[in-house]
Amino acid sequence: MRGTSAATPPLGRHVATIPESLVDRVRDRLATAGHPATPSRVAEALAAEGEVLGDAAVLDVVIALRSELAGAGPLEALLRQERVTDVLVNGPESVWVDRGSGLERSPISFRDEAAVRRLAQRLAASANRRLDEATPYVDARLPDGARLHAILPPVAPRGTCISLRIPQRRAFALDDLVDLGTIPAAGARWLGALVESRAAFLVSGGTGSGKTTLLSALLSLAAPSERTLIVEDSGELDPDHEHVVRLEVRPANVEGTGHVSMRDLVRQALRMRPDRLVVGEVRGAEVVDLLAALNTGHEGGCGTLHANSAKDVPARLEALALAAGLGREALHSQVAAGLDAVIHIERDRRGNRRIAGIHSLDREGDGLVVASPAVVFEPGGVVLASHGELLAARIGLDE
C-alpha cells in the first residue's frame, strides 16, 4: 500500500482532497516568482490558478510545499524521531529506517522519482555540493550534522538513492553504555585504564556497530588538561571534553581543486601540539602518518577501523599501508611499537551492540603482528584471556 506522498505533511496528516497536480502548479508559480511558501503567497497562487480553497485546505498546501521545498521533505517525520540512526531511500516507494534495532520499512513514500531526485539535490546544495549528471554522487555532512550520501541514475539504475546517517542527539558516557548493556561494569575499568594510561588503541567493528559512540565516550575520560586533536572525514565524534580541536576533510570544488585530505590533516594536527591525536576513521593513506606519530612520542593516540574481528585488524592495517607505499615489514614494526590494543565492538542481528573484548597487538617470531585476546567481555563480567596479565601491567590495572 502506498504511504505518505511528497505532497503529504511530514507528520502523516492526510490531504487526499488536494490534487498533486495543483500542488505542482502552485510550486512552479511560487518558484518562478521567487516567493516563499507562506499562507498568503500560496493563497495568491491558488487564486491565480482559479482555485478558491478554505483556510484549512490552504494550510494543507502550505505544509505540503514546505515539506517538499525545505528540510528533508517527507523524511522530516523520521528524522525527528529520537531513536532513529539511519534513513535510507531506495526509490520513491522504498524508504527504510533504523531505530537502533535493525532496518525496517517505513510507510512513507515519495510521489515519484523526480521528487526523490529534487530532495537529493536540495540536500546536496545545502552542503554546498554538486549533484547532477556530471557529478552523479555526493558524500557530505549537512548543516545539522547528518551524513548524506546520494547517487543518481543511471549510476543507480532503479532510481535515486539517499542515505542519511543521523548524528547522536547526546553524548554517551561510559556509564550510559554500561546501563545499556554494551559494556559489563567490570569492563569499564579496563577501558578507563586504557585511556588513563595513555595507551594507543583502535576501536574496530563493522558498519553501524557503535565504534564512534564508544570512542567518544572514551575520549570524554581523558584528563581535562589534555589537548585532543580530532581528524575526521565528516564530523561525528563528540566527546564531552573541554579542550577538543576538530579538523575535517574538504572535498574538491567543482573545478576539481581545493581538496584537503585526511593525510594532510593528520600532518597539520601534529604541528598543533596535540596531547592526543585521534583519527575518526582510519581508512586510507593516513594510517602511515598516524603510525609514524604513535612511534615518535605521541602517546594516547586512537581511532576507529572497519574490521570483522579484532584478529583481522593487522591485515586491514597492512592492506591500507601497502596501498600507501609502506612495506609489510615496516608496517608490522610500526604497529608493534606504536599500538597497544584493539577494542572490538559487535552488533548482533537484533541490533544490540556489545563490546566483545580487548586484544593486545604482539609481534610473533616471524616479525608479523597478531591480535591476541587479553580480556573477553561477557554479560556477567570479564574473563582474563592469555594476554590479559600483560595488558593489565601495561595499563597499570591491578587485576
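Residues numbered from 1 in each chain as written. Predicted model: local features only at pLDDT ≥ 70, side-chain atom pairs only at ≥ 80, totals over all residues. Heavy atoms only, no water.

Colleague: Account for the pairing of strand β12 (residues 341-347), with residues named and values stated.
Modeller: Here β12 lies mainly inside the structure; 5 of its 7 residues are buried. Taken together, the 4 bridges between strand β7 (residues 201-205) and β12 define a ladder with parallel strand orientation. Considered in β12, the bridge of V203 is made with I343. Hairpin connection from β12 to strand β13 (residues 353-363): 5 residues lie between these consecutive antiparallel strands, with G351 at a positive phi of about 90°. (Buried < 20%, exposed > 50% of the residue type's maximum accessible area, 1.4 Å probe, protein only. Helix = DSSP H or I, 4+ residues; strand = E, 2+ residues; numbered from the N terminus. Pairing = 2+ DSSP bridges.)

Colleague: So what about the nonpolar core? Which residues, and what values?
Modeller: By size, the foremost hydrophobic cluster in this structure holds 35 residues, and its most contacted members are V231, V282, V287, L317, V335 and L339. Among the elements of the structure, β8 (228-232), β9 (244-248), α9 (262-270), β10 (276-279), α10 (286-294), α11 (313-323), α12 (328-338) and β14 (369-378) are those that each provide at least two residues to this core. The biggest single contributor to this core is α10, with 6 residues. Not counting residues up to four positions away in its chain, the partners in contact with V287 are V282, L317, L320 and A321. Core analysis: the second largest hydrophobic core is formed by 34 residues, V278, I358, A374 and F377 among them. (Core = buried A, V, L, I, M, F, W, Y, C linked by side-chain atoms within 4.5 Å. Contact = heavy atoms within 4.5 Å.)

Colleague: Can you break down the sheet that holds strand β5 (residues 147-151) residue by residue, with the values?
Modeller: In any sheet, the strands associate via hydrogen bonds between backbone groups, in a parallel or an antiparallel arrangement. Here 6 strands make up an open sheet; going across it, the order is β3-β2-β1-β6-β5-β4 and the pairing antiparallel. A single partner strand is all that each edge strand has here, and the edge strands are β3 (103-105) and β4 (137-141). This sheet shows a mean twist of 15° between the axes of neighbouring strands, independent of strand direction. Direction of pairing for strand β2 (residues 94-98) relative to β3: antiparallel, over a ladder of 3 bridges. Following the sheet pairing, W96 is matched in β3 by R105. Contacts from helix α5 (residues 113-126) reach β1 (86-91), β4, β5 and β6 (161-165), with the element oriented near 45° to β6. (Axes fitted to C-alpha atoms, helices over the stretch in contact; angles between N-to-C directions.)

Colleague: Lay out helix α7 (residues 185-196) in plain terms, naming residues and giving numbers.
Modeller: Over its 12 residues, α7 runs 17 Å from end to end, which matches the ideal 16 Å to within 8%, given 1.5 Å per residue. Residue R198 follows α7 closely and has a positive phi angle near 60°. (Expected span 1.5 Å × (residues − 1).)

Just geometry here; none of it tells us what the structure is for.
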